[in-house]
Amino acid sequence: MRTNHRHRLAVSATTVFLGVSVALGSGLATPAFADSTTVSAVILGVGANEAQRIVTWYSTVDVAQQVQVAPTAKLGANGEFPADAVTFAATGAANIATSGGFNRHSTITGLQENTSYSYRVGSAGDWSTAYAFSTQDFEGDYDFLFYGDPQIGASGNVAKDQAGWTDTLDVSLTANPKAELLVSGGDQVETANTESQWNAFLASDKLRQYPWAATIGNHDVGGKAYEQHLYTPNTDRSTAYYADGKGTATSGGDYWYVYKDTLFIDLNSNSYATSQGGGGDAAHVAYVTDVINKHGSEAKWTVLVYHHSIYSAASHAKDADNKVRRVDFPATFSKLGVDLVLQGHDHVYTRSYLIKNGAKANPDEQPGQSEVFAGPGGVLYVTANSASGSKYYDITTPDSSGTSGAGNGADPLKPEDYWYNSVQNQEHVRSYVKVQVRNDKLVVEDVRSGTCAAPNASVELGLSCSNDAATKGVGTVVDKVTVHPYHGDNQDIQVNVPALAPGEFGWTIDGQNGLVDLGTAAQQKDAFFLSADGKINPIKVTDSRRTLSPWALSASVGDFADAAKSFSGAYLGWSPYLVTKGAGATAGSAVASGYDNGGKGLSESAVLGSAAQGHARGSAVLGADLGLKFPDSVDKGNYRTTLTITALSS
Ligand SMILES: [Fe+2]
């Protein structure tokens, strides 16, 4: 019998970066705050990675333009950009007639971490106001915020919608000033090409300080203004990703980016059926598969974003088009190991149970459970409520159409809710979703950014409101869940090992197979290496065979990798030991880090534990202390490797 299980080790290595500042004279003639009369609608967008941003804007003149960038610390006393400020050329085209003028976008590349930058757009002598954004550590933990359907204009009162949207941005970023991305759930505006609604959407300067990751909704799709305003990285604009299969007068495209170990894939869910003219869901499924196959290894998390929620609870929950997506998407997302799906469109907050292949993954998961463990294929789906207050939809009732696939049946554990939802909430108040990305968990929470009080356009215009501001005020949490990821590659084996029948040999991870986190490596005083320690997740071996045959468990690691960076697994050593005696088990010999002896460390298979012929029957638990020691030439990063465990028995 030969079995392979795998689990992961992670270590953070740190090196010291030296920055050199050179003082520069400020002899620029251009006043810093001369606001261009030709530039408007500036928005900071997400780039292809954490070292990039994309800036998009409108111009009334069709001239060559740029974005100019400099570290804020280098600006002069009156905000003058330094002589060595970097410029990036813009490209663009003429806007459609109803928009007028021209659009421009430019990609800022080569940003450094933990730096505040100032930027302006336009051309020499005609620069926009300067805006600022900051980068943070390019590795490790971070938070991002997700906003549902601002849909400016939906209430019928653009000014009130703008007030609510601006307030949600203010409230959420005051509470989370270090949030690194603002992720859109789609429907920026009510009417695709109405520029007055776009101006209201873009009114807050927060959209020039934090990168917006655009998502296209059904209200954005019907014109070109969405693409004119929101340029996105790595965007596939093939006609398959346009609902009408053309894209001449509509917006569309699927895109992806990797931000600090998260692969984000953003889909134009307006295209769902080939009968519309485009490639429909099949094209999206192929796109997601291709992007994850090509870029999944560059990240530790996969987050999908699209507009039309497939597991919602209000007016759109039973829509025929969503039933199609609900059949087309889930099995692929489960198979590809997607961690989180963020959606909008139904203007209600929902958090799904972990869904595997279109059905509840674990029938025992309880409504509102605060910790969930994603087994193989478990995916969390979240629907954001309105971030602006322009429109809310009330929760609807389940029907008798079943509890899997396209069904909208009732949850057996909470019959007033849909079978797929762990949490449903509608109070007619604004909220946003905060996601904390941590080394070995995602924390997803829905946070109120408003109450029944203004700004709340729908309620101001007569809608009821059930929020109690005294107990559920601004900043309070509607729902919070911690998702623990699944670590197995050989997924069917890793979790589905059953209790052993008599007369078998086998082994399993003892407890939850969480990430083996070696923490941040420490630099040693007066030495040229870093080190980190940890322990493997204990392994339980059971041998009840009557033959009393020998067995051995051994393991090895590959190189530690972080995207394109890596260092040798030979630097990892270990000292195995018996946690619980039994089954004749003896611990394997210690293996030193290759840093100490020039050896191969755990890059070569080493014995964790073994038992000789004639050993006693029973079980044992084996552990090992891990010791990592590697040269200080390794670049900063958040490195992972996989420990592959092999059992041999005869
Ligand atoms: Fe929508």
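Residues numbered from 1 in each chain as written. Predicted model: local features only at pLDDT ≥ 70, side-chain atom pairs only at ≥ 80, totals over all residues.

The protein chain goes by Calcineurin-like phosphoesterase family protein in an unreviewed UniProt entry, where it is assigned to Actinoplanes palleronii.

## Examining the overall build of the protein chain
Selection criterion: For the purposes of this entry, the term helix denotes a DSSP run of H or I that reaches at least four residues, the term strand denotes a run of E that reaches at least two, and both are numbered from the N terminus. When we talk radius of gyration, it's over C-alpha atoms, and the globule rule is simply 2.2 Å times the number of residues to the 0.38. Residues are called buried when their C-beta atom has 20 or more other C-beta atoms within 10 Å, exposed when it has 12 or fewer, and partly exposed otherwise; all C-beta atoms are positioned from the backbone. We call two residues in contact if the C-beta atoms placed from their backbones are at most 7 Å apart.
For the protein chain, the count of helices and strands is 9 helices and 42 strands. For 650 residues, the compact-globule formula gives about 26 Å, and the C-alpha radius of gyration of the protein chain, at 27 Å, lands near that figure. The principal-axis extent of the C-alpha atoms belonging to the protein chain is close to 85 × 70 × 50 Å. Scored against the burial criterion, the 650 residues of the protein chain give a buried share of 51%. At a minimum sequence separation of 6, the contacts of the protein chain that also span at least 24 residues come to 77%.

## Considering the sheet that holds strand β16 (residues 262-266)
Remark on secondary structure: sheet strands pair via backbone hydrogen bonds, oriented parallel or antiparallel. Heads up, the condition is: Pairing between strands is defined by DSSP: at least two bridges between them are needed. Here, axes are lines fitted to C-alpha atoms. For helices the fit covers the stretch in contact, and angles between N-to-C directions go from 0 to 180 degrees.
With respect to topology, 8 strands assemble into an open sheet ordered β14-β15-β16-β17-β18-β23-β19-β26, the strand pairing being mixed. One side of each edge strand has no neighbouring strand; the edge strands of this open sheet are β14 (235-236) and β26 (421-425). Bridge analysis of strand β19 (residues 349-352) against strand β23 (residues 380-383) gives 2 bridges, and the strand direction is antiparallel. Pairing of R351 across the sheet is with V382, part of β23. Contacts between helix α4 (residues 280-295) and the sheet are confined to β14, β15 (254-259), β16 and β17 (301-308), with β15 contributing the most and set at about 25° to the helix.

## Section: the environment of K480
Relative to the helices and strands, K480 is located in strand β29 (residues 477-484). Taking the C-beta count within 10 Å as the criterion, K480 has 16 such neighbours and is therefore assigned partly exposed. Separated by 109 residues in sequence, K480 and E371 place their C-alpha atoms 8.9 Å apart. Residues in contact with K480, not counting those within four places in the same chain, are S370, V443 and E445.

## Digging into the confidence of the model for the protein chain
Detail in the predicted coordinates should be disregarded across regions flagged by low pLDDT. Short version of the rule: The quantity called pLDDT is the predictor's confidence in a given residue, expressed from 0 to 100.
Within the protein chain, residue pLDDT values average 90, and 92% of them lie at 70 or more. Note that residues 489-500 has pLDDT below 50 and, in this model, 20 contacts with residues that lie over four places away or in other chains.

## Focus: the UniProt feature "domain: Purple acid phosphatase N-terminal" (unreviewed entry) in the protein chain
Quick reminder of the rule: UniProt positions are given in the numbering used here, feature names are shortened, and annotations may be inferred rather than shown by experiment.
UniProt's entry tags residues 42-135 with the feature "domain: Purple acid phosphatase N-terminal" (unreviewed entry), counted in the numbering of this structure. Span residues 42-135 is 0% helix and 50% strand, its end C-alpha atoms 19 Å apart.

## Here's the deal with the environment of Y571
Along the chain, Y571 falls in the loop between β37 (565-567) and β38 (572-580). Y571 sits 44 residues away from A527 along the chain, and the two C-alpha atoms are 16 Å apart. When near neighbours in sequence (up to four residues on either side) are disregarded, Y571 contacts S593, G594, Y595, G601, L628, K629 and F630.

## So, the nonpolar core
Worth spelling out the cut-off: By our criterion, buried Ala, Val, Leu, Ile, Met, Phe, Trp, Tyr and Cys residues that link up through C-beta atoms within 7 Å make up a nonpolar core. Where each domain begins and ends follows an automated or database-derived domain assignment.
Ranked by internal contacts, the top residues of the largest apolar core, which has 115 residues, are V55, L145, F146, V183, F264, L304 and V444. For this core, the element with the highest residue contribution is strand β2 (residues 39-46), accounting for 6 residues. Summarising the domain contributions, this core has at least three residues from each of domain 2 (31-138) and domain 3 (144-484). With sequence-adjacent residues up to four places away left out, V55 is seen in contact with V42, L44, G45, V67, H105, S106, I108, Y119 and V121. Counting 41 residues, the second-largest nonpolar core is a separate cluster that includes Y571, A583, A624 and F630.

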